[in-house]
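Chain by chain, the residues:
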Amino acid sequence: QPVEQLMSRALFIIDVQNDFTEGGALGVEGGAAVAEGITKLLHGHPDRYDAVIASRDWHDGDNDNGAEYHPALEDALIDVHVLKGQGKPAYSIFEGVTDTGETVPELLDRLDVTDIDVVGIATDYCVLASALDARTENLLVALTRDPDVRAGRMTTGLIDARGDALLPAKAAQQPAAAPINVTG
């Protein structure tokens, strides 16, 4: 008799923090609305995700306030916090660790995560890097075009006319992995 595979779905919330929203050191237009949109999504669909995992980037190792979540993102809705950067460049959530020092791949393995939805700031940098890294972990990955849950442009050439994600040359050289789906 076949063994039933447990699957779980997680939401990655990428860098929805003061530094990357309007008025922040590296503010992205629409960032505050993204924080509100993600909170609304989680309240409206409380059972959609088995785990909600959010990253914060300490790109400036001395600026603690800038790395705080934007006030419109309810941090009580987040299950796991991932810290990345700490004064050095870090784009992907996979470059960080949890509060307990667990790596993201270790966390996803422990939680049996197979599917990831990725939202946050900025779509053409940290959101994309996180989605590509999730893909190399053979996870099913979905990005959204919904401006309520992402800020920053969808880089021209990454999304084709059918809505399929196209990979940059660096990603194309990596081992075969699960596709990135684009929704909304």
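Everything that follows concerns the structure shown earlier in this document.
Every value quoted in this text rests on a predicted model; they were computed, and no experiment measured them. (Residues numbered from 1 in each chain as written. Predicted model: local features only at pLDDT ≥ 70, side-chain atom pairs only at ≥ 80, totals over all residues. Heavy atoms only, no water.)

Considering the packing of aromatic side chains
Each pair of aromatic rings is reported with the distance of its centres and the angle of its planes.
Consideration 1: Scanning all chains against the criterion turns up one aromatic pair.
Consideration 2: Here the aromatic rings of Phe-12 and Phe-94 are separated by 5.9 Å at their centres, their planes lie at 70 degrees, and the arrangement is edge-to-face. Taken as a pair, Phe-12 in strand 1 (residues 8–14) and Phe-94 in the loop between strand 3 (80–84) and strand 4 (97–98) lie far apart in primary sequence, 82 residues in all.
Consideration 3: Judged by relative accessible area, which is 15%, Phe-94 ranks as buried.
Consideration 4: Its end group placed over the ring of Tyr-69, Arg-56 keeps NZ or CZ at 4.4 Å from the ring centre. (Phe/Tyr/Trp six-rings, centres within 6.5 Å; stacked < 30°, edge-to-face > 60°. Helix = DSSP H or I, 4+ residues; strand = E, 2+ residues; numbered from the N terminus. Buried < 20%, exposed > 50% of the residue type's maximum accessible area, 1.4 Å probe, protein only. Lys NZ or Arg CZ within 6 Å of the ring centre and 35° of its normal.)

Here's the deal with the pattern of salt bridges
Consideration 1: If you walk through the whole model with that rule in mind, you get five salt bridges.
Consideration 2: In this structure, Asp-15 engages Lys-84 in a salt bridge whose closest nitrogen and oxygen atoms are separated by 2.9 Å. Separated by 69 residues along the polypeptide, Asp-15 in the loop between strand 1 and helix 1 (31–44) and Lys-84 in strand 3 bring together distant segments of the chain.
Consideration 3: What makes Asp-15 buried here is its relative accessible area of 0%.
Consideration 4: When its relative accessible area of 0% is taken as the criterion, Lys-84 is described as buried. (Salt bridge = Lys/Arg side-chain N within 4 Å of Asp/Glu carboxyl O.)

Thoughts on the side chain of Thr-39
Consideration 1: Along the polypeptide, Thr-39 turns up in helix 1.
Consideration 2: Filtering out sequence-adjacent residues up to four positions away, Thr-39 remains in contact with Ala-72, Leu-73, Glu-74 and Leu-77. (Contact = heavy atoms within 4.5 Å.)

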